[in-house]
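Fold and geometry: a report
The chain contents come next:
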Amino acid sequence: MCGIFACHNHPDVAKFKPTALKLSKAIRHRGPDWSGSVTCHNTILCHERLSIVGVESGAQPLTNADDSIAVAANGEIYNHRLIRKHLKNPYHFKTTSDCEVIIPLYLEHGIDAPKHLDGMFSFVLYDKKQDRTIAARDPIGITTLYKGYNSQEPGAVYFASELKSLHPVCDKIEAFPPGHVFDSLTGETTRYFEPSWWDEKKCPQTPLDLKVLRETLEKSVRKRLMAEVPYGVLLSGGLDSSLVAAIAQRESLRLRKLAEEQAANSQDVDPEAQDKGEGLVGIDDDNKLSTVTFLPQLNSFSIGLPGSPDNKAALEVAKFLGTKHHVMTFTIEDGLNALSDVIYHLETYDVTTIRASTPMYLLSRKIKAMGIKMVLSGEGSDEIFGGYLYFHGAPNKEEFHEECVRRVKNLHLADCLRANKSTSAWGLEARVPFLDKEFLEVAMNIDPQEKMISKERLEKYILRKAFDTKDQPEGAYLPDNILWRQKEQFSDGVGYGWIDALKDQAELQVTDEMMKNPKPEWGDDIPDTKEAYWYRCMFDEHFPPSCASTVMRWTPKWVKQTDPSGRAISIHQAKYDHVEE
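In this text, all values refer to a predicted model and were calculated from it rather than measured experimentally.

So, about the packing of aromatic side chains. In the structure shown here, the tally under the stated rule is 28 aromatic pairs. Taking the centre distance of 5.6 Å and the plane angle of 70° together, the rings of F391 and W558 count as edge-to-face. Note that F391 is positioned in the loop between α10 (381–385) and α11 (397–409) and W558 in the segment after α19 (530–542), a separation of 167 residues in sequence. A relative accessible area of 24% means that W558 is categorised as partly exposed. Pairing W534 with Y535 gives two aromatic rings, centres 5.8 Å apart and planes at 25°, and the pair type is stacked. Taking relative accessible area as the criterion, W534 reaches 11% and is therefore assigned buried. When its relative accessible area of 0% is taken as the criterion, Y535 is described as buried. One aromatic cluster in this structure is built from Y388, Y390, F391, F400, W554 and W558. For R250, the ring lying beneath its charged end belongs to Y477, and the centroid distance is 3.7 Å. Sitting above the plane of the W554 ring, R407 keeps its charged end 4.2 Å from the centroid.

Here is the structure:
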């Protein structure tokens, strides 16, 4: 995951450049491998690079042949080989970077270029000939991006991967909306992502096809193994990360065999063939993956307090799959000591996000120390399939589906933000197969009656059933007791003592008198618990009030509770046991 900072139409860009480089440096944790910048007219693009694809040649900002177009991009374009092959006009690529395809797509499609990208991305592109800047963010907001303004510079527009690069120079900041593109020629930010399921009031009726559901998720995982560096999987022992790990392990074993076969017949690829995508990492027209990195074993990682439910389940999954598993334990003191740093990197004061991000933040540091630069993760499944325990309270399929769509639309303010910033804090990239465009098109269009929870159907029943193949030629993906394990929210699964300790510490930090007298600058956004109050105070230590408008609080629906923990839902099973179908 990389970091980008840019400013369009600055009143004195030459004088501003040293400041711009300093603001870009503030997010160098996202991209510790290289730094670059391009200045032209009144626009500057800065980039902090994490090299995963096109490692040797993909330094950014990327430019075209005459340097009239420059782009600073953050993310991964999984269909870059296909784009190279199917461009209408010949284009000679300077690098093997997947992100370089943004330039010829812009030349052919203008601001419609993002529609043709399959991946997670944020980018800012500058067209020198038109003095035009366009910026875009991936459909769901897996990568983070913000837009800012300075009231003293009415024509300038700022962009950055994180708030910490914007608040020193902007007095108005907003989250750049996912699935949108900004065009400086019009000053407008418009939606380019218009999937069939976007209208939450339109209840889908597509019959369930378990095979299509399974194969589409397998294809999504396959895409995300595109890499030229060592990678691994986050494995909590829950359903979602376990399925991703199972698919990744199957594909990794296939890739290992293929790599061994190809080693004896390796040959250089002609540069003109490279322009068509030959010899590069990624998927081809036949949905076959090519990658240059394979490991003797797939590495999997879990974290928890000693004796946590997640670590116990993760070990069982890893043993079943044959991954090289690494169990990380943390103490409550480790977590409490890290809280201020976690909030600085997350740039939020949402209780659920902070609870879950702290273990992920600690785990990411250890993963990066092992030389791993990319991990697969299971975010998004609970929003798509109504997997949170509060979905038991959905009164009908229409409201169930409406809540699923709402949750997916808000992922960029919750789980996507957590996964992106917790890992990027240490120069680690998280990829999320459940949020693939094609998989979303399949899963979000299934008749929501199939997703409803009942006495006979556990949450995410159809996802579990799709991978219940022990009696089929595919064989078992997971042990039965993992495949049918009840949902644990990550902040619960790492060990129940974690949340209890946070509440206890908040009691010591926040008095009843403080709760009665919230800060005037908070306006109507008043914390309703001492834990929330404590986090908001730590947020204020790092960020001015102008950043607060980008924060969304995660709250459950259909239940009478203020605590967002899944454990607070009455039907939660407090112990790790076998859940029958």
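There is more to say after this.
As a further point, take the UniProt feature "binding site: ATP" (unreviewed entry) in the protein. The UniProt entry lists L234, I303, S377 and G378 under the feature "binding site: ATP" (unreviewed entry), expressed in the numbering used here. In this fold, L234 is placed in strand β13 (residues 231–234). Those residues in contact with L234 that sit more than four places away from it in its chain are S241, F301, M360, L363, I367, V375, L376 and S377. Mapping S377 onto the fold places it in the loop between β18 (374–376) and α10. The class of S377 is buried, set by a relative accessible area of 4%. Ignoring anything within four residues of it in the chain, the contact list for S377 reads L234, V244, M360, R431, V432 and P433. Of the polar contacts made by the side chain of S377, one reaches the side chain of E379; its length is 2.4 Å.

By size, the foremost hydrophobic cluster in this structure holds 102 residues, and its most contacted members are F123, I140 and I384. Counting residues per element, this core draws most heavily on helix α5 (residues 239–263), which supplies eight residues. With sequence-adjacent residues up to four places away left out, I384 is seen in contact with C404, V408, F434, L435, F439, L440, A443, M444 and K451. Counting 60 residues, the second-largest nonpolar core is a separate cluster that includes A338, L346, I354 and A506.

Inspection of the sheet shows strand β8 (residues 146–149) paired to strand β9 (residues 157–160) by three bridges, in the antiparallel sense. What sits directly across from G148, in β9, is Y158. One ladder, built from four bridges, connects β8 with strand β10 (residues 172–175); its direction is antiparallel. Among the inter-strand pairings, Y146 is bridged to a residue of β10, identified as A175.

Rules and cut-offs
Residues numbered from 1 in each chain as written. Predicted model: local features only at pLDDT ≥ 70, side-chain atom pairs only at ≥ 80, totals over all residues. Heavy atoms only, no water. Phe/Tyr/Trp six-rings, centres within 6.5 Å; stacked < 30°, edge-to-face > 60°. Helix = DSSP H or I, 4+ residues; strand = E, 2+ residues; numbered from the N terminus. Buried < 20%, exposed > 50% of the residue type's maximum accessible area, 1.4 Å probe, protein only. Lys NZ or Arg CZ within 6 Å of the ring centre and 35° of its normal. UniProt positions renumbered as here; feature names shortened; annotations may be inferred. Contact = heavy atoms within 4.5 Å. Polar contact = N/O pair within 3.5 Å; in protein donor to acceptor, adjacent residues only side chain to side chain. Core = buried A, V, L, I, M, F, W, Y, C linked by side-chain atoms within 4.5 Å. Pairing = 2+ DSSP bridges.

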